[in-house]
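A closer look at the structure
Chain by chain, the residues run as shown.
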Amino acid sequence: MTVSKYARTVAAGLIAAAGITAPAAAEVDFSGKTIEWVIPFSETGGSAKWANFFAPLLAEELPGNPTVVVKFMPGAGSTKGANWFQEQEHEDGTLLFGTSGSTQFPYLLNDPRVRYEYNEWNPVMASGTGGVAYLNAEDGAKFDGSANNLQDIDFIYGSQGATRLDLVPLLAWEMLGMNVEPVFGIKGRGDGRLMFERGEATIDYQTTSGYLGGSAPLVEAGTAVPMMTWGALDKDGNIVRDPTFPDMPTFKEVCEATDGCETSGEKWDAWKAFFISGFPVQKLAFLPAGTPQEVIDTYTMAFLNVVARDDFAEISSKRVGKYQVFTGDSAQSALGTATSVPVEAKDYVTGWLKDSYGVELK
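Examining the pairing of strand β2 (residues 67-72)
- With 6 bridges connecting them, strand β1 (residues 34-39) and β2 associate as parallel partners. Looking across to β2, one finds that Thr 34 is bridged to Thr 67.
- Chirality of the crossover, the property in question, places the unit of β1, helix α2 (residues 46-61) and β2 among those that are right-handed.

Description of helix α6 (residues 167-175)
- By the criterion of burial, α6 is predominantly enclosed, with 8 of the 9 residues buried.
- Turning to α6, its buried residues are Leu 167, Val 168, Pro 169, Leu 170, Leu 171, Ala 172, Trp 173 and Met 175.
- Positive phi appears at Gly 177, one or two residues downstream of α6, with a value of about 80°.

Digging into the pattern of salt bridges
- Applying the stated criterion across every chain, the model contains 14 salt bridges.
- A salt bridge links Glu 60 to Arg 309; its shortest N-O distance comes to 2.9 Å. Note that Glu 60 is positioned in helix α2 and Arg 309 in the loop between α11 (293-307) and α12 (312-319), a separation of 249 residues in sequence.
- For Arg 309, a relative accessible area of 22% puts it in the partly exposed group.
- Of the charged contacts in the structure, one is a salt bridge between Glu 253 and Arg 241, with a shortest N-O distance of 2.9 Å. Separated by 12 residues along the polypeptide, Glu 253 in helix α9 (residues 251-257) and Arg 241 in the loop between β11 (239-240) and α9 bring together distant segments of the chain.

Points about the packing of aromatic side chains
- Counting across every chain of the model gives 34 aromatic pairs.
- For the pair Phe 53 and Phe 312, a centre-to-centre distance of 6.1 Å together with 50° between the ring planes defines the contact as tilted. Placement of Phe 53 in helix α2 and of Phe 312 in helix α12 is noted, with a sequence separation of 259 residues between them. The residues Phe 53 and Phe 312 share a single accessibility class, namely buried.

Examining the side chain of Ser 330
- Within the secondary structure, Ser 330 is located in helix α13 (residues 329-338).
- Classification of Ser 330 by relative accessible area gives buried; the value is 4%.
- For Ser 330, the side chain forms a polar contact with the main-chain oxygen of Thr 327, separated by 2.5 Å.

A closer look at the sheet that holds β2
- Taken together, the 6 strands give an open sheet; going across it, the order is β2-β1-β3-β12-β4-β13, and neighbouring strands pair in mixed fashion. Looking at which strands have only one partner, the edges of the open sheet turn out to be β2 and β13 (325-327). Across the sheet, the mean angle from the axis of one strand to that of its neighbour is 20°, orientation sign disregarded.
- Strand direction decides the pairing type here: strand β4 (residues 122-127) and strand β12 (residues 283-287), joined by 5 bridges, are antiparallel. Within β12, the position partnered with Ser 127 by the bridge is Lys 283.

A closer look at the nonpolar core
- Trp 173, Leu 176, Met 227, Trp 230 and Trp 271 are the most contacted members of the largest nonpolar core, which totals 48 residues.
- With residues up to four places along the chain from it excluded, the contact list for Met 227 reads Ala 133, Tyr 134, Leu 135, Phe 143, Ala 147, Leu 150, Trp 173, Leu 176, Met 178, Pro 249 and Val 254.

Thoughts on unusual backbone geometry
- Despite not being glycine, Ser 78 has its phi angle at roughly 100°, a positive value.
- In this structure, Ser 78 sits in the loop between β2 and α3 (79-86).
- Note on Ser 78: relative accessible area 1%, which makes it buried.
- The phi angle at Asn 110 is positive, at roughly 60°, despite the residue not being glycine.
- As for its position among the elements, Asn 110 is in the loop between α4 (101-108) and β4.

Re the sheet that holds strand β8 (residues 203-207)
- In space, the 3 strands of this open sheet follow the order β8-β5-β9, with antiparallel pairing throughout. The sheet is open, and its two borders are formed by β8 and β9 (224-229), each paired with just one other strand. On average, each strand axis in the sheet is inclined to that of its neighbour by 30°, with strand direction left out of account.
- Taken strand by strand, helix α7 (residues 189-197) contacts β5 (131-136), β8 and β9, and its axis lies near 145° from that of β8.

Let's talk about the environment of Tyr 205
- Here Tyr 205 is to be found in strand β8.
- In this structure the C-alpha to C-alpha distance between Tyr 205 and Gly 190, which are 15 residues apart in sequence, comes to 9.7 Å.
- Every residue in contact with Tyr 205, bar those within four places of it in the chain, is listed here: Gly 131, Val 132, Ala 133, Tyr 134, Tyr 157, Leu 165, Asp 166, Pro 169, Trp 173, Arg 189, Trp 230 and Phe 279.

Focus: helix α14 (residues 343-357)
- In this model α14 runs 21 Å from its N-terminal to its C-terminal C-alpha over 15 residues, within 8% of the 21 Å that 1.5 Å per residue would give.
- Within α14, burial applies to Ala 345, Tyr 348, Val 349, Thr 350, Trp 352 and Leu 353.

Some words on the environment of Phe 279
- Checked against the element boundaries, Phe 279 lands in the loop between α10 (266-278) and β12.
- The class for Phe 279 is buried, based on a relative accessible area of 0%.
- Along the primary structure Phe 279 and Asp 259 are separated by 20 residues, whereas in three dimensions their C-alpha atoms are 26 Å apart.
- Excluding residues that lie within four positions of it along the chain, Phe 279 makes contacts with Gly 128, Thr 129, Gly 130, Gly 131, Leu 165, Val 168, Tyr 205, Thr 207 and Trp 230.

Quick notes on the rules
Residues numbered from 1 in each chain as written. Predicted model: local features only at pLDDT ≥ 70, side-chain atom pairs only at ≥ 80, totals over all residues. Heavy atoms only, no water. Pairing = 2+ DSSP bridges. Helix = DSSP H or I, 4+ residues; strand = E, 2+ residues; numbered from the N terminus. Right-handed = clockwise from strand over helix to strand, strands pointing away. Buried < 20%, exposed > 50% of the residue type's maximum accessible area, 1.4 Å probe, protein only. Salt bridge = Lys/Arg side-chain N within 4 Å of Asp/Glu carboxyl O. Phe/Tyr/Trp six-rings, centres within 6.5 Å; stacked < 30°, edge-to-face > 60°. Polar contact = N/O pair within 3.5 Å; in protein donor to acceptor, adjacent residues only side chain to side chain. Axes fitted to C-alpha atoms, helices over the stretch in contact; angles between N-to-C directions. Core = buried A, V, L, I, M, F, W, Y, C linked by side-chain atoms within 4.5 Å. Contact = heavy atoms within 4.5 Å. Expected span 1.5 Å × (residues − 1).

Structure (structure tokens):
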């Protein structure tokens, strides 16, 4: 399947998934209980902000109004937490687990550290997001909508790892002819932002929730300059401007304006395929293997009611951005988007990771 056809298929599938109906209400009561929502990243990143946004809203909608507590289990770019969750079994419905693109990508790439299987988990909510790349003030002053004036600068970037979601910005910057040296090993994108704030990194990117909550104040203070978003998919699978940041150019636009950067061909197709896997459906909430259907249905209805709130569009746009949220069967469909890429794109990225960073994957 070509990437263009893959993009159109994904876009159509996500639109169809958004219309799937909710299950009947189940008789489950969480009165007096505490739900633990485990996030496999540090408490400073976009996934933390995403879970902390949804947690109190979920508590209001679950029967019995339990307390929903977000806990963090960072390590190995989220693989530590995902491997741990794989070993968990249903007990009383009080364990929820959140993943991001940095959990999906190692799974897609057959990273040998992966010991988890998405198909054994029960997705109850999924949401899309975007991403914003930004520069420090000095280098940002040279940005003119292209990367032509940035190609002689040596940048430092705090990264969770080459097989994580960071491969999207790393490949994009390479396509723009920029020299970006990643410092691997941070436990979350929020840690990358802190490196940027301390001057240890000179370029950064954050997912939308992380950018709105942590990086936008840097822009307002004049210490950071937005460069581009990764964009969003329209109904035909084309990359268009991110609805949360309509005034920012997309990577596609910056690429088209930059000498030597091409928005067609093998490299572009690989980048776009992993963007599609990593962003239109990036963050997912799961119940463990063996969870009874009535518990799954209860969470599905709760998340559906969260999204149906009269004020949801307003409050979510300020905290996590203007993106689709999927529940129940539509979350299951969305999971398929997040955990699949065309073979050609996977093969290209596998070779690129070996050549650029010495990462060998089988």
